[in-house]
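A structural walkthrough
Listed here are the chains, written in short residue letters.
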Amino acid sequence: MLDQAIQALGGQAYLDIQDMSQTGRTYSFHHGETTSTGILFWRFVKFPDKERIEVTKQRDVAYVYNGDRAYEVTYKGTAEQDAKVVADYLRRRSHSLEWVLRRWLKEPGVALFYDGAAVAADKPADQVSIMNSHDDSVTLYLDDTTHLPIKRTFTWRDPADNLRNTEEEVYDAYRPTQGIMTPYSVTRYYNGDMSNQRFLNTVTYNNNLSESMFDAKPTYAPGDLLKKK
């Protein structure tokens, strides 16, 4: 089933993606209610662990992720992002559909489980779980007709309060793009509440993105600015 999903996504073309560029509009939610009318974004990803997101019409705010470091770039300069924000981002990235299908499945000791027929986003699906050698798991819901991923979900326990949290991502509006089936709508849920929704306008692959796009060096610390005030 996982092989069918990879083939449906584009087969070797999907596995060989080196980088990706997107434009679109993103919406954030709090307790399931939207908190804005949507923000334009430009997103650049260089696999496996580099990402740059530019927002606003002027593209004058950027969030840069390189390995396990994350930065915010504004008119004030470049600052390291808050540790919790970085931890949340790294957790999502390491459980992302791309990492699971393109990295986890290659790792020694990975275990695969068929959980049976299910329904995801009101569509009939096959439910498959992947567990790595660190006892970390991700569950995928694969369309039983197209075999395309409909939903990805994983759970984690917060070290602060030991409570279990569930994060989900739902993929929709697939379109063929450079030989790769691409979801142009991605919705994220946190403990059952919608937390983010992205609608893509354009997507291109393998643009040979420059490494310099993901270079960032802190020029100030937010705490220092507060002290000066």
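Everything in this summary refers to the structure shown in the same document. (Residues numbered from 1 in each chain as written. Predicted model: local features only at pLDDT ≥ 70, side-chain atom pairs only at ≥ 80, totals over all residues. Heavy atoms only, no water.)

Section: the overall build of the protein
A tally of regular secondary structure across the protein gives five helices and 14 strands. What you see for the protein is a C-alpha radius of gyration of 18 Å, in line with the 17 Å of a compact globule of 229 residues. Dimensions along the principal axes, computed over C-alpha positions, put the protein at roughly 60 × 45 × 40 Å. Split into buried and exposed, the 229 residues of the protein put 45% on the buried side. In the protein, 43% of the contacts between residues at least 6 apart in sequence involve partners at least 24 apart. Summed over its atoms, the accessible surface of the protein is roughly 12500 Å², and 51% of this surface lies on carbon and sulfur atoms. Of the side-chain charges in the protein, 28 are positive and 32 negative, and the distance between the mean point of each set is 7 Å. (Helix = DSSP H or I, 4+ residues; strand = E, 2+ residues; numbered from the N terminus. Rg over C-alpha atoms; globule rule 2.2 N^0.38 Å. Buried < 20%, exposed > 50% of the residue type's maximum accessible area, 1.4 Å probe, protein only. Contact = heavy atoms within 4.5 Å. Areas by Shrake-Rupley, 256 points an atom, 1.4 Å probe, with all protein chains shown as cover. Lys, Arg positive; Asp, Glu negative; His and termini not counted. Charge placed at Lys NZ, Arg CZ, Asp CG, Glu CD.)

Points about the pairing of strand β5 (residues 61-66)
For a regular strand, the rule is simple: side chains alternate between the two faces of the sheet. The pairing of strand β4 (residues 50-55) with β5 spans six bridges and is antiparallel. Pairing of Val-55 across the sheet is with Val-61, part of β5. Connecting β4 to the next strand, β5, in antiparallel fashion are five residues, including Thr-56 with a positive phi near 75 degrees. In this sheet, strand β6 (residues 69-74) lies alongside β5 in antiparallel orientation, the contact comprising five bridges. Residue pairing across strands places Ala-62 opposite Val-73, the latter belonging to β6. Between β5 and β6, which follow one another and run antiparallel, lie two residues, and Gly-67 among them has a positive phi close to 65 degrees. (Pairing = 2+ DSSP bridges.)

Things to note about the pairing of β4
Of all six residues making up β4, six are buried, and the element is well covered by its neighbours. Side chains Lys-50, Arg-52 and Glu-54 of β4 all project onto a buried face; the interleaved residues Glu-51, Ile-53 and Val-55 project onto the opposite face, where all are buried too. Here strand β3 (residues 39-46) pairs with β4 via six bridges, running antiparallel. Of the residues in β4, the one forming a bridge with Val-45 is Glu-51. Linking β3 to β4, which pair antiparallel, is a turn of three residues.

A look at the pattern of salt bridges
Counted under the stated rule, the structure contains twelve salt bridges. As a salt-bridge pair, Arg-152 and Glu-169 come within 3.5 Å of each other at their nearest N and O atoms. Residue Arg-152 is located in strand β11 (residues 149-157), and its partner Glu-169 is located in strand β12 (residues 164-177); the two are separated by 17 residues in the primary sequence. Relative accessible area serves as the criterion here: at 10%, Glu-169 is assigned to the buried category. Members of the salt-bridge network, linked through shared partners, are Lys-84, Asp-88, Arg-91 and Glu-167. (Salt bridge = Lys/Arg side-chain N within 4 Å of Asp/Glu carboxyl O.)

Here we look at the nonpolar core
If you look at the biggest cluster of nonpolar residues, it comprises 37 residues, and the most contacted ones within it are Leu-2, Tyr-14, Leu-101 and Leu-140. Per-element accounting of this core gives the leading share, four residues, to helix α1 (residues 2-9). Among all residues touching Leu-2, those that are not within four sequence positions of it are Leu-101, Leu-105, Leu-112, Val-128, Ile-130, Leu-140 and Leu-142. Grouped together as the second largest cluster of nonpolar side chains are five residues, Ala-120, Ala-125, Tyr-141 and Ile-150 included. (Core = buried A, V, L, I, M, F, W, Y, C linked by side-chain atoms within 4.5 Å.)

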